[in-house]
Amino acid sequence: WEFNGSFYQPSAFLMMGIPGLEGLHHWISIPFFLLYFIALLGNGMILFIIKKTQSLHEPMYYFLSMLAVTDLGLTLCTLPTTLGIFWFNIRRIGFDACLTQMYFIHTLSLSESSVLLAMAFDRFIAISHPLRYPAILAKSTIIKIGLAIILRSVLSLLPLPFLLKRLTYCKKTELSHSFCFHPDIMNLACADIKVNVFYGMIILLSTVGMDFIFIVLSYILIIKTAISLATKDECLKTLNTCVSHICAVLIFFIPMIGLCMIHRFGKNIPPLVNTLVAYTYLIIPPALNPIIYSIKSSHIRGALLRALKKKSY
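What comes next concerns the included structure. (Residues numbered from 1 in each chain as written. Predicted model: local features only at pLDDT ≥ 70, side-chain atom pairs only at ≥ 80, totals over all residues. Heavy atoms only, no water.)

### Some points on the state of the cysteines
Here comes step 1: Scanning the entire structure with this criterion turns up two disulfides.
Here comes step 2: C98 shares a disulfide with C180; S-S distance 1.9 Å. On the sign convention where negative is left-handed, the bridge of C98 and C180, at about -120° about the S-S bond, is left-handed. Here C98, found in helix 3 (residues 95-128), pairs with C180, found in the loop between helix 6 (159-165) and helix 7 (182-186); they are 82 residues apart in sequence, far enough to count as distant. Across this residue pair, the class does not change: C98 and C180 are buried.
Here comes step 3: Each disulfide pairs two cysteine sulfurs, and for C170 the partner residue is C190, the sulfurs being separated by 1.6 Å. Separated by 20 residues along the polypeptide, C170 in the loop between helix 6 and helix 7 and C190 in the loop between helix 7 and helix 8 (194-227) bring together distant segments of the chain.
Here comes step 4: Looking at C170, the relative accessible area reads 26%, which means it is partly exposed. (Disulfide = S-S within 2.5 Å. Helix = DSSP H or I, 4+ residues; strand = E, 2+ residues; numbered from the N terminus. Buried < 20%, exposed > 50% of the residue type's maximum accessible area, 1.4 Å probe, protein only.)

What follows is the structure in structure tokens.
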């Protein structure tokens, strides 16, 4: 412990695996390792195929590349500490290292929310204004959107580590997860955390909350446009182009909302539920997104098959 007058700050935190199942961590690590492996391989393959296939150099696939990069970042943020606990029982993480991991996890989560909103906008333009689609989403526009996403995420969450660093902490240093999460660290403090709570809530509502609202509005307009088409087959074909994105939105936002609710209001919820929701939020989307897009997109599937044939030859 570092002592400076009445100010206490732990030198490290202790992370938690799956409560009540510590004796099974080696076996539990197998599905976690597989999910991480699928996330790394799948998103890496998506990026490789889009880069190498000229026909995929379109706005939709540029946004998909952004999603894959974000998912790779999230995977690499949580993989060392999660597998470190399951394989080697390494629970200790330094205070500054914990704040750094927390900052990157939240920044990448916010970036993923923003990318999903950009993908919803892409689908709306492609369906509502197909003739103007290439002009509206030119390469320069996509680059500007990407830079805006990065700046928005990096700058809006920059105060978080400093708001946590100013707090004095109690002797309890055990986190609820195998990674560092802002509400989790904040709740270990003995000081007044109203500023942290208020800032966290404002950022959550003004970024992820607004993203979700605009995604829903985009799909209301998309459905309205699809219904106005001449035939039922054309309507279904149009909506079918959005299935992958809808799945990506659901598997990201549902666990995220659940985890936020648990940390805000779920004082009496069993720790196991809290842990499972957290893992679902951070590990499942990066693993499932490349699978969903590979299954639903015939262009990606075809490019993947051609790449595999070239390798075999």
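### Here we look at the pattern of salt bridges
Here comes step 1: Inspection of the entire model under this criterion finds four salt bridges.
Here comes step 2: Across the pair R152 and D211 runs a salt bridge, and its minimum N-O distance is 3.0 Å. You can see R152 sitting in helix 5 (residues 139-156) and its partner D211 sitting in helix 8, a full 59 residues away along the chain.
Here comes step 3: When its relative accessible area of 27% is taken as the criterion, R152 is described as partly exposed. (Salt bridge = Lys/Arg side-chain N within 4 Å of Asp/Glu carboxyl O.)

### Description of the packing of helix 3 against helix 8
Here comes step 1: Contact geometry for helix 3 and helix 8: axes closest at 9 Å, N-to-C directions at 15°. Put simply, helix 3 runs roughly parallel to helix 8. For the pair helix 3 and helix 8, the sense of crossing is left-handed. Judged by residue contacts, L110, S113, S114, L116, L117, A120, R123, F124, I127 and S128 of helix 3 engage T207, V208, D211, F214, I215, S218, Y219, L221, I222 and T225 from helix 8.
Here comes step 2: Taken together, the residues of the contact of helix 3 with helix 8 sort by class into 12 nonpolar, six polar and two charged. (Axes fitted to C-alpha atoms, helices over the stretch in contact; angles between N-to-C directions. Parallel < 35°, antiparallel > 145°, perpendicular 65-115°, else oblique. Left-handed = near helix turned anticlockwise from the far one by under 90°. Contact = heavy atoms within 4.5 Å. Nonpolar A, V, L, I, M, F, W, Y, C, P; charged D, E, K, R; others polar.)

So, to be careful, I would describe these as geometric facts and stop short of saying anything about function.
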